[in-house]
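A structural walkthrough
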Amino acid sequence: MQAITQTTQTTQTTQITELPVRALRDRLAAGDFSAEEAARAYLEKIERDDPEIHAYLTVTAEEALGAARRADEKRRRGEAAAPLAGIPAGIKDNICTKGVRTTCASRMLETFVPPYSATVMERLDGMGAVMLGKLNMDEFAMGSTTETSRFGPTRNPRNPGRVPGGSSGGSAAAVAAGEAAFALGSDTGGSIRQPAAFCGVVGMKPTYGTVSRYGLVAFASSLDQIGPLTRDVADSALVLDAIAGWDERDATSLKREKPAYASLLGQEVQGLRVGLPKEFFGEGLDPAVRDAVYGAAKALEALGASVTEVSMPVLDSALPAYYILSSAEASSNLARFDGIKYGTRAADYGDIGGLYRASRSEGFGREVKRRILLGSFVLSAGYYDAYYKKALQVRALVQRDYQRAFAACDALLSPVAPTTAYPLGSKITDPLAMYKGDIYTVPVNIAGIPALSLPWGTDPDGLPVGVQLIGPAFSEPVLYQLGYALETQRGGAGQPPRPAKGEEHEG
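Residues numbered from 1 in each chain as written. Predicted model: local features only at pLDDT ≥ 70, side-chain atom pairs only at ≥ 80, totals over all residues. Heavy atoms only, no water.

Bringing helix α9 (residues 287-302) into the picture now. Side chains that are three or four residues apart share a direction in an α-helix, a result of its 3.6 residues per turn. Along its 16 residues, α9 runs 22 Å from first to last C-alpha, staying within 8% of the 22 Å computed at 1.5 Å per residue. Where α9 is buried, its residues touch β7 (273-277), β8 (306-310), β9 (411-415), β10 (451-458), β11 (464-470) and α16 (476-490). For α9, the side-chain oxygen to backbone nitrogen distance between the N-cap and A288 is 2.8 Å, and the N-cap itself is D286. The positive-phi residue at the C-terminal boundary of α9 is G304, with phi of around 105°. (Helix = DSSP H or I, 4+ residues; strand = E, 2+ residues; numbered from the N terminus. Expected span 1.5 Å × (residues − 1). Contact = heavy atoms within 4.5 Å. Polar contact = N/O pair within 3.5 Å; in protein donor to acceptor, adjacent residues only side chain to side chain.)

This is the structure:
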């Protein structure tokens, strides 16, 4: 009898953790199970599967169960349920959560417990969402593989020998593995979209200023943006609606009427104009990725959209400009972590200068130090004009190229990354090779515009391939419209993870 009961519970857990957010919300409203049962199902899944995946750095089981019980009690009292009431979520560990450790996956903040919550967390709490815990990431969001984490790498649920992408690798992996119904990540140069592509989920990088950055530990303030990672496009629109909106505490937050992000879902795409930037289809692009993007283009044409090639020549200069700008801002933002104002303090030092050196040397990992040094160099006297000023000029040219493209197109279609997920350890010792993987994502952040990553098939090894839809500022509803059309044409949202062909466990 005990074995039968255990099997039944496992089946129930699996069924709950495979539901997209909207279906989970409807089942909760129908009383098929309680929010507490849903939270326990996810916590059991995390306990069983996450030792291998390592998506979570901190699991907040008691807090999650308490939030779930509050959602159930409101339903029992007959109160109207908020859109995300009782929905279990994972949160990237650079988003401040009051009373819960927020480490940025760094030794520098290993014991930091914020005294306040980020605006996005306040909004999720107001919507009744249940936080399951904090998710692994590249240290201070600097990386593309989640291997620079102080606490060890996250593995890709589609193949545990492969990277999940980064820096929001824990967020993408948690959703792909069924360890969260949705997750929040941050995107500075592709850190939502690239891991979404590698793990086979949907990732949205909103227009800069759409989602408050208050309470997000800054990497590069003019580039960072919080966004959702979900199973499907409709869920992404639902979560973005919950977290978007003006915030007086964030000077970069835009005060404008919030659109209905899901308003165009299911509408025909006939007549929409989609551009293919020819500069994104050159040397270094894996044939499987190229074929997937062209396949998505043909699918949109079959649905009535027009697809044409566009030229954006300055995109070739976007990647070096991004690494100059982002590193310069990082060197400034991370100056506060000195062992005195913030961060771990070294035990052994001789004087105040020694305290700074020892604390920062011990507290930061190699990749973070590399970017701080680069940023300090390009901002230094004698090099500012040669590097930082020129990078700002390239930024203006990138923005101009996008404006020209959007004069002729409603959206652009491109790869997310040059390849699918690669083996753990294969690029972590070659920073330039890792940086080149951001070539299709960083221009979006430089321009401050929105982009949506969604799965479109697999490569010959069974690994997910992602395609990227890019639009002008505030065009998220159109991107969701196009993404939903592609998703429907493909046959629905992403499937539960399964081992890739011919590989069970590498690295």
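Don't stop here, the text continues.
Let's shift gears to a nonpolar patch on the surface. Taken together, the side chains of L374, F377, Y383 and Y387 make up a nonpolar region of the molecular surface, amounting to roughly 330 Å² of accessible area. Mapped onto the fold, L374 is located in helix α12 (residues 366-379). Looking at L374, the relative accessible area reads 34%, which means it is partly exposed. (Patch = residues over 30% accessible without salt bridge, like charges linked within 9 Å, V, L, I, M, F, W, Y side chains within 5 Å. Areas by Shrake-Rupley, 256 points an atom, 1.4 Å probe, with all protein chains shown as cover. Salt bridge = Lys/Arg side-chain N within 4 Å of Asp/Glu carboxyl O. Buried < 20%, exposed > 50% of the residue type's maximum accessible area, 1.4 Å probe, protein only.)

Attention now goes to the pattern of salt bridges. Summed over the entire model, instances satisfying the criterion amount to 21 salt bridges. A salt bridge links R27 to D32; its shortest N-O distance comes to 2.6 Å. Classification of R27 by relative accessible area gives partly exposed; the value is 32%. The salt bridge involving R370 is made with E367; its shortest N-O contact spans 2.3 Å.

What follows concerns unusual backbone geometry. Omega for the peptide link from G166 to S167 comes to 5°, which places this bond in the cis form. Positionally, S167 belongs in the loop between β3 (130-135) and α6 (169-176). One non-glycine residue, C104, lies in the positive phi region at around 55°. Residue classification places C104 among the buried residues on the basis of a relative accessible area of 0%. Residue T146 is not a glycine yet carries a positive backbone phi of 65°. With respect to the helices and strands, the residue T146 is situated in the loop between β3 and α6.

Right, let's get into the side chain of R213. For R213, the location among the structural elements is in the loop between β5 (202-205) and β6 (225-230). Despite its burial, R213 remains without a salt bridge, the nearest opposite charge being carried by D250 at 4.2 Å. Beyond its immediate stretch of four places on either side in the chain, R213 contacts Y208, S221, D224, Q225, D250 and T252. (Lys, Arg positive; Asp, Glu negative; His and termini not counted.)

The buried fraction of α6 is high, at eight of eight residues. For α6, the complete set of buried residues consists of G169, G170, S171, A172, A173, A174, V175 and A176.

Let us now look at the pairing of β5. Of the two faces of β5, both are covered, the one formed by V202 and M204 as well as the one formed by G203 and K205. Bridge analysis of β5 against β6 gives two bridges, and the strand direction is antiparallel. Following the sheet pairing, V202 is matched in β6 by T230. Bridge count between β5 and β10: three bridges; the pairing is antiparallel. Bridge pairing in β10 links M204 to L452. (Pairing = 2+ DSSP bridges.)

Time to look at the confidence of the model for the protein chain. Here the protein chain averages 94 in pLDDT, while 94% of its residues score no lower than 70. Per-residue pLDDT stays below 50 along residues 1-8; that stretch engages in zero contacts with residues further than four places along the chain or on separate chains. Long-range and interchain partners of residues 494-507, a stretch whose pLDDT sits below 50, account for 33 contacts in this model, where long-range means more than four residues apart. (pLDDT = per-residue confidence, 0-100.)

A separate point is the environment of A174. Among the secondary structure elements, A174 is positioned in helix α6. If near-sequence neighbours (up to four positions away) are discounted, A174 is found in contact with A55, Y56, L135, E179 and A180.

So, about the sheet that holds strand β1 (residues 56-59). One open sheet accounts for eleven strands, arranged β1-β3-β2-β4-β6-β5-β10-β11-β9-β7-β8; its pairing is mixed. The sheet is open, and its two borders are formed by β1 and β8, each paired with just one other strand. Adjacent strand axes in the sheet meet at a mean angle of 30°, parallel and antiparallel pairs treated alike. Where helix α4 (residues 61-76) meets the sheet, it contacts β1 and β3, and its direction lies at approximately 155° from that of β3. (Axes fitted to C-alpha atoms, helices over the stretch in contact; angles between N-to-C directions.)

This part is about the packing of helix α2 (residues 21-30) against helix α8 (residues 233-243). Any two packed helices are characterised by how steeply their axes cross, that is the angle between the axes, and by the distance between the axes. Put simply, α2 and α8 touch, their axes get as near as 8 Å, and they point 75° apart. By the angle between their axes, α2 is roughly perpendicular relative to α8. Side by side, α2 and α8 meet where V21, R22 and R25 of the first sit next to A234, D235 and L238 of the second. (Parallel < 35°, antiparallel > 145°, perpendicular 65-115°, else oblique.)

Let's shift gears to the nonpolar core. Formed by 152 residues in total, the largest nonpolar core has its most connected members in L24, F140, F182, L184, Y402 and L413. The element best represented in this core is helix α10 (residues 318-333), accounting for nine residues. Not counting residues within four places of it along the chain, the set of residues in contact with F182 comprises V21, L84, I87, P88, A89, G90, L124, A129, V175, L229, T230 and V239. (Core = buried A, V, L, I, M, F, W, Y, C linked by side-chain atoms within 4.5 Å.)

A word on the packing of aromatic side chains. Considering all chains together, one arrives at 14 aromatic pairs under this definition. Ring plane angle 65° and centroid distance 6.0 Å describe the contact between F337 and Y342, whose orientation is recorded as edge-to-face. Among the residues examined, F337 registers a relative accessible area of 5% and is labelled buried. Y342 sits in the partly exposed class, given a relative accessible area of 42%. (Phe/Tyr/Trp six-rings, centres within 6.5 Å; stacked < 30°, edge-to-face > 60°.)

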